[in-house]
Amino acid sequence: MRPLVPVLLYFISGIIFVNASGISYAVTYTGLAASFLLALISLLSVKRPNYFLIAPIFFFLGALSILPSVRPSIPPDHIKNFIEEADSLSGEFSPLGVGAEGIIETPPELVKGKTRFRAEAKRLLKGDEWIGVSGAVSMTVNGEAKLKRGDYVRFISSLKAPSNYGNPGEFDYKGWLSMRSIFVTGFVKDERLITKLGE
């Protein structure tokens, strides 16, 4: 068997295992350290080392590569935290959504009558007060919003954490967004509810 085959299999297995189990960073780092120790002992104690004892290192490296998406570290000012808080408070949002501001990070694309782009959130209207927030938002605007990458915009949008429908074999939309550090999606019901501020 080619040396890279077991390495690749272990790496992929680590990714699959984390997706299925959601183990913590502490367990993963402990496993990685133990694997390094086992590999070192093997290399120093025998004339002909067993390279299969080195492969578990790649299992835990694979696990570490996916952990930021499975167990993301979200700062206190992330917009996701405020959306979850608002969901628990009746009447926090108007029927149109909530006021927010941010910078467009990707070129807007018009797809089937809807404009889509990624924005970095900067401010959120909470009650009568604008508060500073952070975090990426996957935005969809109903209609053709004439905007470009780098525009600073204000919008009224329904904001929520992404979710999957739960159907067998469906595309993991939530996971796909998570891989891109996106934990909030927004929908603007009318292109007139999004405005470019300044130049």
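Please read all numbers here as calculations on a predicted model, not as lab measurements.

Caption draft 1: Local environment of the environment of Tyr-25. Counting through the fold element by element, Tyr-25 comes out in helix H2 (residues 25-45). C-alpha of Tyr-25 to C-alpha of Leu-67: the two residues are 42 residues apart in sequence and 7.4 Å apart in space.

Caption draft 2: Molecular detail of the packing of aromatic side chains. Scanning the model with the defined rule gives four aromatic pairs in all. A centroid spacing of 6.3 Å and a plane angle of 25 degrees characterise the contact between Tyr-25 and Tyr-29, whose relative ring orientation is stacked. With a gap of four residues between them, Tyr-25 and Tyr-29 both fall in helix H2, about one helical turn apart. What makes Tyr-25 partly exposed here is its relative accessible area of 29%.

Caption draft 3: Broad picture of the side chain of Ser-178. One can find Ser-178 in helix H5 (residues 173-179). Non-local contacts of Ser-178, meaning those with residues more than four positions away in its chain, are made with Ser-69 and Phe-183.

Caption draft 4: Seen up close, helix H3 (residues 55-70). The terminal C-alpha atoms of H3, which comprises 16 residues, lie 23 Å apart, in line with the 22 Å expected from a rise of 1.5 Å per residue. Along its length, H3 reaches its greatest deviation from straightness, about 25 degrees, at Leu-64, and the proline Pro-68 lies no more than four positions downstream. Taken together, the buried positions of H3 are Ala-55, Ile-57, Phe-59, Phe-60, Gly-62, Ala-63, Leu-64, Ile-66, Leu-67 and Ser-69. As for H3, its buried residues are in contact with helix H1 (4-21), H2 and H5.

Caption draft 5: Broad picture of the packing of H1 against H3. Interhelical geometry of H1 versus H3 gives an angle of 40 degrees and a closest axis separation of 7 Å. Viewed along their axes, H1 and H3 form a crossing whose handedness is right-handed. Between H1, through Val-7, Tyr-10, Phe-11, Ser-13, Gly-14, Ile-15, Phe-17, Val-18 and Asn-19, and H3, the contact on the second element is made entirely by Ala-55, Pro-56, Phe-58, Phe-59, Leu-61, Gly-62, Ala-63, Ser-65, Ile-66, Leu-67 and Val-70. Its residues placed into classes, the contact of H1 with H3 shows 15 nonpolar, five polar and no charged.

Rules behind the numbers
- Residues numbered from 1 in each chain as written.
- Predicted model: local features only at pLDDT ≥ 70, side-chain atom pairs only at ≥ 80, totals over all residues.
- Heavy atoms only, no water.
- Helix = DSSP H or I, 4+ residues; strand = E, 2+ residues; numbered from the N terminus.
- Phe/Tyr/Trp six-rings, centres within 6.5 Å; stacked < 30°, edge-to-face > 60°.
- Buried < 20%, exposed > 50% of the residue type's maximum accessible area, 1.4 Å probe, protein only.
- Contact = heavy atoms within 4.5 Å.
- Expected span 1.5 Å × (residues − 1).
- Bend = angle between axes of the 7 residues up to and from the residue.
- Axes fitted to C-alpha atoms, helices over the stretch in contact; angles between N-to-C directions.
- Left-handed = near helix turned anticlockwise from the far one by under 90°.
- Nonpolar A, V, L, I, M, F, W, Y, C, P; charged D, E, K, R; others polar.

Read these as spatial facts, not as claims about activity.
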